[in-house]
Amino acid sequence: MVRIYRGRRTDSGATVVTVDGTRVLLPDAGALAVRFDWGQASAGSTALARALLLDHLDALPARSVLHRFAFTTVQTWTEDRWTCTMFELDAALRHVQQQLRLTCPLCADTGRREVTARLWRACACRPLQPEA
Ligand SMILES: [Zn+2]
């Protein structure tokens with residue numbers, strides 16, 4: 001099944017983002033105080049990009065990937081309504097990886113990825129290194 005993300009601005013200026021028309025997408029724990037936004041460079045646009053990638057990848061993207069992704073997708077959505085399929089997200093993400101010359105979008109090829117704001121783990125893209 002193709003997952004479809006949709007965003008709209010309400011008459012009161014609030015923003016609503018849904019997944020497959022039913023589930024409401026919310027900012028992740030690292031950006032709870034931020035209201036989703038799009039069409040400009042803003043904390044809300046970054047929070048939306050982060051939530052979209054987290055939902056799509058089931059893991060947080062590396063910050064360099066997140067910011068480039070926000071710049072090439074969310075920040076370009078200037079209408080009050082937008083629709084984005086999982087395939088479009090995937091294509092945009094692959095494009096970002098090519099631009100940044102990265103293999104892994106989760107750790108940006110560093111071998112360590114962000115789990116929460118304070119917790120980092122070894123990334124599954126690398127075999128475990130023996131302790132020195
Ligand atoms: Zn990795």
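Structural data are supplied above this passage.
The rules behind each value
Residues numbered from 1 in each chain as written. Predicted model: local features only at pLDDT ≥ 70, side-chain atom pairs only at ≥ 80, totals over all residues. Pairing = 2+ DSSP bridges. Helix = DSSP H or I, 4+ residues; strand = E, 2+ residues; numbered from the N terminus. Expected span 1.5 Å × (residues − 1). Buried ≥ 20, exposed ≤ 12 C-beta atoms within 10 Å, placed from the backbone. Contact = placed C-beta atoms within 7 Å. Axes fitted to C-alpha atoms, helices over the stretch in contact; angles between N-to-C directions. Parallel < 35°, antiparallel > 145°, perpendicular 65-115°, else oblique. Left-handed = near helix turned anticlockwise from the far one by under 90°. Nonpolar A, V, L, I, M, F, W, Y, C, P; charged D, E, K, R; others polar. Core = buried A, V, L, I, M, F, W, Y, C linked by C-beta atoms within 7 Å.

Here we take up the pairing of strand β1 (residues 4–9). Bridge count for β1 against strand β4 (residues 81–85) is 5 bridges, and the pairing is antiparallel. Considered in β4, the bridge of isoleucine 4 is made with threonine 85. Where β1 and strand β2 (residues 15–19) come together, 5 bridges link them in antiparallel fashion. Of the residues in β2, the one forming a bridge with arginine 8 is valine 16. Between β1 and β2, which pair antiparallel one after the other, the connecting turn spans 5 residues, and glycine 13 there sits at a positive phi close to 95°.

An α-helix turns once per 3.6 residues; consequently, residues spaced three or four apart project the same way. For helix α1 (residues 43–57), which comprises 15 residues, the first-to-last C-alpha distance of 21 Å matches the rise-based estimate of 21 Å (1.5 Å per residue) to within 8%. Along α1, the residues that are buried comprise Ser45, Thr46, Ala47, Leu48, Ala49, Arg50, Ala51, Leu52 and Leu53. Of the surrounding elements, those touching the buried residues of α1 are β1, β2, α2 (63–72) and α3 (86–100). At the C-terminal side of α1, aspartate 58 shows a positive phi close to 60°.

A word on the packing of α2 against α3. Between α2 and α3, the shortest axis-to-axis distance is 9 Å and the interhelical angle comes to 120°. Our classification of the angle between α2 and α3 gives oblique. Note that α2 runs across α3; the crossing there is right-handed. Counted together, Ser64, Val65, Arg68, Phe69 and Thr72 of α2 and Ala92, Leu93, His95, Val96, Gln99 and Leu100 of α3 form the full contact between these two elements. Within the contact of α2 with α3, the residues separate by chemical class into 6 nonpolar, 4 polar and 1 charged.

Take α2 next. Three or more residues of α2 are buried, namely Val65, Leu66, Arg68, Phe69 and Ala70. If you follow the buried residues of α2, they end up packed against α1 and α3.

We now examine the nonpolar core. If you look at the biggest cluster of nonpolar residues, it comprises 23 residues, and the most contacted ones within it are Leu48, Ala49, Leu52, Ala62, Val65, Leu66 and Phe69. For this core, the secondary structure elements donating two or more residues are α1, α2 and α3. Setting aside its immediate chain neighbours within four residues, leucine 52 contacts Tyr5 and Leu89.

For the pair α1 and α2, interaxial distance at closest approach is 9 Å and the crossing angle is 110°. In terms of axis orientation, α1 runs roughly perpendicular to α2. The handedness of the crossing between α1 and α2 comes out as right-handed. From α1, Ser45, Thr46, Ala49, Arg50 and Leu53 reach across to α2, where they touch Leu66, Phe69 and Ala70. Here the contact of α1 with α2 is built from residues that sort into 5 nonpolar, 2 polar and 1 charged.

The quantities given are spatial measurements derived from coordinates; they are silent on function.
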